[in-house]
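The chain contents come next:
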Amino acid sequence: MAISGNKEKKTFDTGDLKVPVSLGVIMDGNGRWATQRHLPRTAGHKVGAENLKELCRNCVGYGVKYLTVYAFSTENWSRPKGEVDQLMKLFVELFDKYDPELAEQGIRVRFSGDDSELPQKVRDVCRTAEERSKDRPNMQLIVALNYGGRREILSSCKKIAEQVKAGEIEPSDITEKMLSDNMYLPDVPDPELIIRPSGEMRLSNFLLWESAYSEFWVSDILWPDFGYEELTKAFRDFALRDRRFGGLSKKESKK
Ligand code: IPE
Ligand code: IPE
Ligand code: MG
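My aim in this report is to walk through the structure given alongside it, one point at a time. All values reported here derive from a predicted model rather than from experimental measurement.

### Here's the deal with the sheet that holds strand β6 (residues 215-218)
Part 1: Read from one edge of the open sheet, six strands run β3-β4-β2-β1-β5-β6, paired in parallel fashion. At either end of the open sheet lies a strand with only one pairing partner, and these are β3 (107-112) and β6. Across this sheet, the average inter-strand angle for adjacent strands is 20°, counted without regard to direction.
Part 2: In the sheet, strand β1 (residues 22-26) pairs with strand β2 (residues 66-73) via five bridges, with the strands oriented parallel. When the sheet's bridge partners are listed, I26 is paired in β2 with Y70.

### Describing unusual backbone geometry
Part 1: Of note in this structure, H38 is not a glycine but carries a positive phi near 55°.
Part 2: On the secondary structure map, H38 appears in the loop between α1 (30-36) and α2 (41-62).
Part 3: Taking the relative accessible area as the measure of exposure, H38 reaches 75% and is therefore exposed.
Part 4: Not every positive phi belongs to a glycine, and N146 is a case in point at roughly 50°.

### Notes on the site of ligand 1
Part 1: If you check the shell around ligand 1, you find M27, D28, G29, N30, G31, R32, R41, H45, A71, N76, R79 and L87 and nothing else.
Part 2: The side chain of D28 places a nitrogen or oxygen atom 2.9 Å from an oxygen atom of ligand 1.
Part 3: When ligand 1 is considered free in solution it has 380 Å² of accessible area, and contact with the protein chains removes 87% of it.
Part 4: If you list the elements that add at least two residues to the shell around ligand 1, you get α1 and α2.
Part 5: Of the residues forming the shell around ligand 1, the biggest block, three residues, is contributed by α1.
Part 6: The residue inventory of the shell around ligand 1, partitioned by class, reads three nonpolar, five polar and four charged.

Rules used in this analysis
- Residues numbered from 1 in each chain as written.
- Chains lettered and ligands numbered in written order.
- Predicted model: local features only at pLDDT ≥ 70, side-chain atom pairs only at ≥ 80, totals over all residues.
- Heavy atoms only, no water.
- Pairing = 2+ DSSP bridges.
- Helix = DSSP H or I, 4+ residues; strand = E, 2+ residues; numbered from the N terminus.
- Axes fitted to C-alpha atoms, helices over the stretch in contact; angles between N-to-C directions.
- Buried < 20%, exposed > 50% of the residue type's maximum accessible area, 1.4 Å probe, protein only.
- Near = heavy atom within 4 Å.
- Polar contact = N/O pair within 3.5 Å; in protein donor to acceptor, adjacent residues only side chain to side chain.
- Areas by Shrake-Rupley, 256 points an atom, 1.4 Å probe, with all protein chains shown as cover.
- Nonpolar A, V, L, I, M, F, W, Y, C, P; charged D, E, K, R; others polar.

Encoded structure:
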């Protein structure tokens, strides 16, 4: 499919690429992007938020089925109140404003995280966005909002502990699958690839359980500038990865 008219000419030709079914993106670098331009950090968050639409278009174009984006971590509350308030305001504005475009692309929106700490307005917008998009077929956009991998694992453990307390299972019955089944969105496949713009080589509490065998791809480009070209590069590199899952590579195991 060739799409032009945007900044870059896009082909979505998957010839030498591998497109993951499930992709995670840590949308990092908004603050640095703004600071480099002598703008307030919040200006970077606005441009970063706009760029999410671009990522969605590109992922739908390439045929990604699940896109999980890290929008706000359980640790991001430690930022100055003004920045946190601006981010919350942006979330409220965004998911209404983006809906026509998401609808056109057939994107279902879901949220992952501890919503009990989010302002009521944000929770309402999230629920509405989920409800009105639930039958859209092309891709699921999972927004990790007040998300922390450790908190998610903890919440899964608590749910299982309740089952033990109720006498439904014994501690020795607990399996890895049970932990997976009690995560926030158990039907979403583990990400095959996680992309982090802005050069940081860490997960920052993103999808700790689910990323056990994810491939990691880091780019120096800051999130607001991360576009089609970088995504294509990531998918091209992903095609070259030898995913062994603790076993041997295909070549070796044939010997
Ligand atoms: C990511 O950009 C957005 C959020 C964490 C909400 P940052 O705000 O972390 O940008 P840098 O890392 O300071 O450049
Ligand atoms: C991770 O970025 C969280 C999001 C992108 C939402 P941070 O900027 O919070 O991560 P650290 O602090 O550099 O590890
Ligand atoms: Mg950051």
